[in-house]
Amino acid sequence: MTSEVLAANEAFYRAFEKKDVEAMSAVWSQGTGSFCIHPGSNVLRGWKEIRNSWAQIFKNTAYIEINIEIIATEIRDNIAYVVLIENVFQVVSGRRLEAQSTATNVFQLLGGKWYLVHHHGSPIVR
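Here the structure is a predicted model, which is why all the values come from computation and not from measurement.

Walk down a regular strand and you will see the side chains alternate between the two sheet faces. Pairing between strand β3 (residues 63–76) and strand β4 (residues 79–92): 13 bridges, direction antiparallel. The partner of I68 across the bridge, within β4, is E86. What sits between the antiparallel neighbours β3 and β4 is a turn of 2 residues, in which D77 has the positive phi angle 55 degrees. As judged from the 14 bridges shared by β4 and strand β5 (residues 95–110), these two strands associate in the antiparallel manner. If you follow V91 over to β5, its bridge partner there is R96. Between β4 and β5, which follow one another and run antiparallel, lie 2 residues, and S93 among them has a positive phi close to 50 degrees.

Okay, structure coming up:
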């Protein structure tokens, strides 16, 4: 089961890197109980708000690459979480930016598939 959760986590980051809203839609739960907190941002609730935020990020980002370092993965019944470090390289408005975030991704097993229901990224300040 851990491999399925890690595969769902990987699919999230591949959709992120490809700037693919449709692939992101396949990873996220479409319910109103989903939450997303981008680094330095307000809480987004429900797939509609979350989807709009990803579409805006993708529109404003020319290039993005994310390398992750998984710190912990836990599964309890139908809930799993992955705690990790995100190393993000991106080009926005012609500028190359590098950042690190600590993130928690929470997945829920729904209909036999793991869906992302919560993503919280917090910037690491050096």
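Mapped onto the secondary structure, W28 falls in the loop between α2 (21–27) and β1 (35–37). For W28, the contacting residues outside a window of four places in its chain are F12, S34, F35, C36, W47, I50, W54, Y115, L116, V117, H118 and H119.

For the rest of this paragraph, the subject is the sheet that holds β1. Spatial ordering of the open sheet is given by β2-β1-β6-β5-β4-β3, a layout of 6 strands whose pairing is mixed. Here the strands that pair on one side only, and so sit at the sheet edges, are β2 (44–45) and β3. Along the sheet face, helix α1 (residues 2–18) touches β3, β4, β5 and β6 (113–123) and points at about 160 degrees away from the line of β3.

What follows deals with the packing of aromatic side chains. Summed over all chains, the structure comprises 8 aromatic pairs. Their ring planes at 75 degrees and their centres at 5.7 Å tell us that F12 and W54 sit as a pair that is edge-to-face. Taken as a pair, F12 in helix α1 and W54 in helix α3 (residues 47–60) lie far apart in primary sequence, 42 residues in all. According to the relative accessible area criterion, F12 is buried, its value standing at 0%. Judged by relative accessible area, which is 0%, W54 ranks as buried. An aromatic cluster is present here, built from F12, Y13, F16, W28, W47, W54 and F58 joined pairwise through their rings.

The subject of this paragraph is the pattern of salt bridges. Counted by the stated rule, this structure contains 5 salt bridges. For R14, the salt bridge identified is with E17, shortest N-O distance 2.9 Å. With a gap of 3 residues between them, R14 and E17 both fall in helix α1, about one helical turn apart. Residue class for R14 comes out partly exposed when judged on its relative accessible area of 26%. In this structure, the salt-bridge partner of E22 is R51, at a minimum N-O distance of 3.1 Å. Of the two residues, E22 sits in helix α2 while R51 sits in helix α3, which places them 29 residues apart along the sequence. Residue R51 is classed as partly exposed on the basis of its relative accessible area of 28%. Salt bridges sharing common partners tie together E10, R14 and E17.

Parameters and conventions
- Residues numbered from 1 in each chain as written.
- Predicted model: local features only at pLDDT ≥ 70, side-chain atom pairs only at ≥ 80, totals over all residues.
- Heavy atoms only, no water.
- Pairing = 2+ DSSP bridges.
- Helix = DSSP H or I, 4+ residues; strand = E, 2+ residues; numbered from the N terminus.
- Contact = heavy atoms within 4.5 Å.
- Axes fitted to C-alpha atoms, helices over the stretch in contact; angles between N-to-C directions.
- Phe/Tyr/Trp six-rings, centres within 6.5 Å; stacked < 30°, edge-to-face > 60°.
- Buried < 20%, exposed > 50% of the residue type's maximum accessible area, 1.4 Å probe, protein only.
- Salt bridge = Lys/Arg side-chain N within 4 Å of Asp/Glu carboxyl O.

Function cannot be read off these values alone, since they describe shape.
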